[in-house]
Amino acid sequence: MSLKVGELNSNLPQGATDNIAEAWTNHKFDMKLVNPANKRKFDVIVVGTGLAGSSAAATMAELGYNVKVFTYNDSPRRAHSIAAQGGINGAKNYQNDGDSVHRLFYDTVKGGDFRSREANVHRLAEVSVDIIDQATAQGVPFARDYGGLLDNRSFGGAQVSRTFYARGQTGQQLLLGAYSALMRQVGAGTVELHTRTEMLDLVVHDGAARGIVVRDLVTGEVTSHSAHAVVLATGGYGNVYYLSTNAMMCNVTAAWRAHRRGALFANPCYTQIHPTCIPSSDEFQSKLTLMSESLRNDGRIWVPDAFEESRSAADVPESDRDYYLERKYPAFGNLVPRDVASRNAKTVVDQGKGVGPMKNGVYLDFADAIGRLGEDSIREKYGNLFDMYERITGEDPYKQPMRIYPATHYTMGGLWVDYELQSNVPGLFCVGEANFSDHGANRLGASALMQGLADGYFVLPYTIGNYLADQLGDAPMNSNDAAFGAVEAEVQDRTNRWLATNGTKSVDYYHRELGKLVWNYIGMERDENGLEKAISEIPALKAEYYKNVRVLGSGESLNQSLEKAGRVADFFELAELKARDALAREESCGGHFRVEHQDAEGEADRDDENFQHVAAWEWTGEDNVQNRHKEELEFNYVKPSKRSYK
Amino acid sequence: MEETLNITLKVWRQDGPDERGRFETYDAPNIGTDMSFLEMLDVVNENLNEDGNEPIAFESDCREGICGTCDLMIDGKAHGPEKGTATCQLHMRKYSDGDTIVIEPFRAASFPILKDLAVNRSALDAIVMAGGFISVNTGAAPDANLIPVPKEASDQAFDAAACIGCGACVAACPNSAAQLFTSAKIQHMNLLPQGQAERWKRTEAMVETMEMFFGSCTNHGECHDACPKEIPLDLIAWTNRDYIKSKNKNRKLAGQKG
Ligand SMILES: Cc1cc2nc3c(=O)[nH]c(=O)nc-3n(C[C@H](O)[C@H](O)[C@H](O)COP(=O)(O)OP(=O)(O)OC[C@H]3O[C@@H](n4cnc5c(N)ncnc54)[C@H](O)[C@@H]3O)c2cc1C
Ligand code: SF4
Ligand code: FES
């Protein structure tokens, strides 16, 4: 077996171009099966216990596979998925408002700005309905109406109400469902669970993934684990910006280490910047908090007309305010998609019209809505969000407008996978936010939870069988083999090097500095000049990091700086690739806006002729520029058109 | 407007699970009132690192009050002084210039200290493993709207399901009991129609697993006061009732006379 680089076979199902509604069904029929009695002869490793990992591990264990699960969190329930607030899409059409699998498919392809694979997206829309059934049966307490049936809301500008939600904690409730299914299997002995254990490398031997090398975060012990297949469900890389809405520990290491072992990394420049987050208050801000997008349904966004406005919001008369979204986009107003809302906020703040002590925000004002609907009704709708805002800022949003600013929220790029969610390294699969698969250049609200659970519950458990079936009778490689030993030694060396560097500045210091470069040059707007700067400044900062970082303590006990040191090192390499990807993509699409590519009105100018493809990067060694491979995309069902929200 | 504070910290330091711990005193100068409590600790750690001292180990992840990772005893209170607030959501504007703050790990026999302020709470996962689920294999679920769930039942189940598994209830309890956590987990499912088939088995298994790890509840109510999600105390009473019933029911289900 050899790595499938070069050919980039996306392994599309029969019917992908002419019978998409049946394509997944046909493909399930075409795939090889592993019979029930043979499943226990296969070992599968799953790294990550967010929605994607927990659902995949539980389902494969139910089917009979032996599953080994790893997470750096102390409990599977604490994975970053827990923080999702808004909701999950499902094409149930319970509201009878014209939704359908086809419409969800259509909206997702269009929302992704025609940079995703039609067949994948159609499958996602198909299984979305099964996710809602599964979660409900597990006891996920989705919102209900007075008749006891499930309630929905419209989310992120969708024209239909297809979003299922559980107060402001949809992520926690869905993850508790998947986690409970996982713990049932742990109890049944079909899943071996390793918490506080970090995957630090992938072992590829004879052209296929054979296992992983991990470090026990409490004892520092480095060990190897082998299996017939390895599944990464390790989440997104938004923390390359340092400040993001992601949890503190989210990082790219698992995917990046797999990338360095041959797995292609696709579309690293696609990042979603969420428009409604609380702006940072000082240099030591450690993360940014998202304020649910639903607030834009009733809040009006504005900035003062004057550049150095010193009056408080209430004292600025209507005539001196600029409701810039309502002015520029009369049809959608404050409900324009995330990327449009974010970029416009940046424009006004860059012009010097920002509000708040650091002039780094715009107002989201509820005064009109409170006047129209009454404070009680606003409290009922958004009470806990308003409380959260007040807790963080000390300001009362019933009395003065919220201040918001965009922040990094989600990463559409990730490991390249084919239709079966297998990377180009045979035996290495990737699910959830960690892969690049379904959202193209922009993700719709409430679709990440859907994709993670689609991959984990309903796609991977089938497709992995197609790979495993051929290996019946083969034992997994012995984890004492020299191939594992060599990788273990590399991991140990990398860990020791941080302790031996003995420089002067902390890991966090360098992470913050890196974050500033990435935000300034590869943030909401990119241009050639800035990207060239990123490409020269990031490696320079990286070189300094390797010489001058200070990590104290030992490698034989819990050492959080040491854990972070390796993660930040990988962020440096990803950041550079991100800049190169953004530079090579000479167009604007979805979350990737190139200043040079905009129309006369300042809107994104997509170039379908030259860039209707996935960029998948191949690692070519430490000091080399990576190779850019292309997977051409075809649109047979949703004809590419320009997104317009005027 | 943001002001700055000068704070003194007394922090529990312990090099490893079997080492002896001690309090150390640190200065936290120029702390902005808009900072969160954990950002204040980040700054203290930067300063320690700068001076060549190993930073304090403490845990957090989401910093939004939902993952349940953060877990500090602040001036003797689990998650600190603010009601219904996890450590990560506490902000320095609640403190005054010149304050001294004592920071310790969550203390309970079943939460062994790993290092400094970090403890192992995996006993909570063991309780869930014993029965905190509804056994429905992927693909076996009926249509989600097949069984209407009265809104009241659904809302009550939600109040229980809001538990973030932080363990503050255990740390706050004089007996280190895990009754509030366990009841939240049990009642989330026992209150729903989907959870009825396994109700009695679940209750017996989870309560008995809890008893293997944790102390007994003597109704102090400290757990509720410390709980960042204000999980209702009623759930404990309902669980006690379910537990007593479960003994009989489970015997009957197994074909023996009650
Ligand atoms: C604040 C916020 C709100 C959101 N709201 C919504 C919403 O309303 N609707 C929606 O659809 N989406 C939402 N999203 C996006 C969505 O939550 C995420 O995209 C999704 O949950 C990712 O799930 P995952 O399973 O892929 O990864 P994660 O949940 O990130 O899980 C990653 C797992 O991998 C493990 N891991 C990673 N690396 C390693 C390693 N090297 N070794 C061992 N373990 C490792 C971690 O421990 C963790 O268990 C939101 C995101 C944020 C930040
Ligand atoms: S009941 Fe409250 S205090 Fe106890 S674990 Fe749950 S959220 Fe934490
Ligand atoms: S860090 Fe997640 S709840 Fe505090």
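Note that the structure is a prediction, hence the values are computed from the model and not measured.

A. Up close: the overall build of chain A. Across its full length, chain A holds 17 helices and 19 strands. The C-alpha atoms of chain A give a radius of gyration of 24 Å, which matches the 26 Å a tight globule of 646 residues would have. On the principal axes, the C-alpha backbone points of chain A span a range of 75 × 60 × 50 Å. When the 646 residues of chain A are sorted by exposure, 65% land in the buried category. Counting contacts in chain A only where the partners sit at least 6 residues apart, residues at least 24 apart contribute 74% of the total. Only carbon and sulfur atoms are counted for the fraction: they give 47% of the accessible area of chain A, which is about 21400 Å². Separation between the mean location of the 68 positive side-chain charges and that of the 87 negative ones in chain A comes to 2 Å.

B. Broad picture of the side chain of E198 of chain A. Tracing the backbone shows E198 of chain A in strand 6 (residues 197–205). By relative accessible area, which is 5% here, E198 of chain A ends up buried.

C. Fine view of the nonpolar core. If you look at the biggest cluster of nonpolar residues, it comprises 213 residues, and the most contacted ones within it are M60, I88, I464 and Y545 of chain A together with L9, F37 and M92 of chain B. Examining the composition of this core, we find that 12 residues originate from one element, helix 16 (residues 560–584) of chain A, more than from any other. Those residues in contact with M60 of chain A that sit more than four places away from it in its chain are V44, V46, Y65, V67, V231, L460, P461 and I464 of chain A. Formed by 32 residues, the second largest nonpolar core is a distinct cluster that contains A369, I370, F386 and I404 of chain A.

D. Representation of the side chain of S224 of chain A within the structure. Residues and elements named next belong to chain A. Along the chain, the position of S224 falls in strand 8 (residues 222–226). Among the polar contacts made by the side chain of S224, one reaches the side chain of E488 at a distance of 2.5 Å. Not counting residues within four places of it along the chain, the set of residues in contact with S224 comprises I212, V213, S479, F484 and E488.

E. Structural detail: the domain arrangement of chain B. Residues and elements named next belong to chain B. Under the domain assignment used here, chain B contains domain 1 (4–115) and domain 2 (122–253). Between the C-alpha centres of domain 1 and domain 2 there is a distance of 30 Å. Taken together, the 16 residues of domain 1 in the interface contact 20 residues of domain 2. The three residues of domain 1 that bury the most area against domain 2 are K83, S110 and F111, which together make up 34% of that side's buried surface. Our count for the domain 1 to domain 2 interface comes out at one salt bridge.

F. Molecular detail of the packing of aromatic side chains. Residue and element names in this part refer to chain A. Under the counting rule described, the total for this entry stands at 28 aromatic pairs over all chains. Ring geometry for F42 versus Y65: centroids 6.4 Å apart, planes at 65°, classification edge-to-face. Taken together, the residues span a long stretch of sequence, with F42 in the loop between helix 2 (36–39) and strand 1 (43–47) and Y65 in the loop between helix 3 (51–63) and strand 2 (66–70) at a distance of 23 residues. A centroid spacing of 6.3 Å and a plane angle of 45° characterise the contact between W302 and Y323, whose relative ring orientation is tilted. On the criterion of sequence distance, the pair formed by W302 in strand 12 (residues 300–304) and Y323 in the loop between strand 13 (321–322) and helix 8 (324–328) is long-range, its members being 21 residues apart. Per residue, the accessibility class of W302 equals that of Y323, and both read buried. An aromatic cluster is defined as three or more aromatic residues linked by ring pairs; in this entry it consists of W498, Y509, Y510, Y545, Y546 and F572. In this structure, R300 packs its charged tip against the face of Y323, placed 3.8 Å from the ring centre. Looking at K505, its charged tip hangs above the ring of Y509, at a distance of 5.0 Å from the centre.

G. Region of interest: the sheet that holds strand 19 (residues 627–632) of chain A. Residue and element names in this part refer to chain A. Across the sheet, which stays open at both edges, the four strands sit in the order 16-10-18-19 with antiparallel pairing between neighbours. Either end of the sheet is taken by a strand with one partner, and the two such strands are strand 16 (414–415) and strand 19. Sheet topology note: the strand 10 (residues 265–266)/strand 18 (residues 613–618) ladder contains two bridges and is antiparallel. Residue pairing for strand 18: A266 is matched across the bridge by A616. The sheet strands contacting helix 16 are strand 10, strand 18 and strand 19, and the helix crosses strand 18 at an angle near 145°.

H. Local environment of the pairing of strand 18 of chain A. All names here are of chain A. A large share of strand 18 lies buried, amounting to six of its six residues. With burial as the criterion, each face of strand 18 is covered, one bearing H613, A615 and W617 and the other bearing V614, A616 and E618. Bridge count between strand 18 and strand 19: six bridges; the pairing is antiparallel. If you follow H613 over to strand 19, its bridge partner there is E632.

I. How the structure looks around helix 14 (residues 507–521) of chain A. Along its 15 residues, helix 14 of chain A runs 21 Å from first to last C-alpha, staying within 8% of the 21 Å computed at 1.5 Å per residue. Looking at the packing, one finds that the buried side of helix 14 of chain A touches helix 15 (528–548) and helix 16 of chain A together with helix 1 (37–50) of chain B.

So, how was this worked out
Within every chain, residues take consecutive numbers counted from 1 along the sequence as written. Chains and ligands are labelled by the order in which they are written, letters from A for the one and numbers from 1 for the other. Given that the model is predicted, a residue must reach a pLDDT of at least 70 before its local features are reported, and side-chain atom pairs must reach 80 or more before they are shown or counted; all residues, however, enter totals for whole chains, interfaces and linings. As a convention, hydrogens and water are excluded, and side-chain values are obtained from all of the structure's heavy atoms. Where helices and strands are cited, they refer to DSSP runs of H or I of at least four residues and of E of at least two residues respectively, numbered from the N terminus. The quantity called the radius of gyration is restricted to C-alpha atoms. Its globule counterpart is 2.2 Å times the number of residues to the power 0.38. To sort residues, take the accessible area from a 1.4 Å probe on protein chains only and compare it with the maximum for the residue type: under 20% means buried, over 50% means exposed, and anything in between is partly exposed. Note on contacts: a residue pair is in contact if any heavy atoms of the two residues lie within 4.5 Å. Residue exposure ignores everything except the shown protein chains as possible cover, and the areas themselves are Shrake-Rupley values with a 1.4 Å probe. Charge convention: Lys and Arg are scored as positive, Asp and Glu as negative, and His as well as the terminal groups of each chain are ignored. Working definition for charges: the position is that of NZ of Lys, CZ of Arg, CG of Asp or CD of Glu. To form a nonpolar core, buried Ala, Val, Leu, Ile, Met, Phe, Trp, Tyr and Cys residues must be joined to one another through side-chain atoms within 4.5 Å. Polar contacts, as counted here, are pairs of nitrogen or oxygen atoms within 3.5 Å of one another; within protein the pair requires one atom able to donate a hydrogen and one able to accept it, and residues that are adjacent in sequence qualify only if both atoms are side-chain atoms. Residue ranges for the domains trace back to a domain assignment, done automatically or taken from a database. Two parts placed together each lose some accessible area under a 1.4 Å probe, and adding up what both lose gives the buried area. One speaks of a salt bridge when a side-chain nitrogen belonging to Lys or Arg is within 4 Å of a carboxyl oxygen belonging to Asp or Glu. Only rings of Phe, Tyr and Trp enter the pairing, Trp through its six-membered ring, and a pair is recorded when the two centres are within 6.5 Å. The plane angle decides the type: under 30 degrees is stacked, over 60 is edge-to-face, the rest tilted. Charge-over-ring placement is defined geometrically: NZ (Lys) or CZ (Arg) within 6 Å of the ring centre, and within 35 degrees of the ring normal. When DSSP locates at least two bridges between a pair of strands, those strands are taken to pair. A fitted line through C-alpha atoms serves as each axis, taken over the contacting stretch for helices, and the angle formed by two N-to-C directions is quoted from 0 to 180°. What a helix is expected to span follows from its residue count: subtract one and scale by 1.5 Å.

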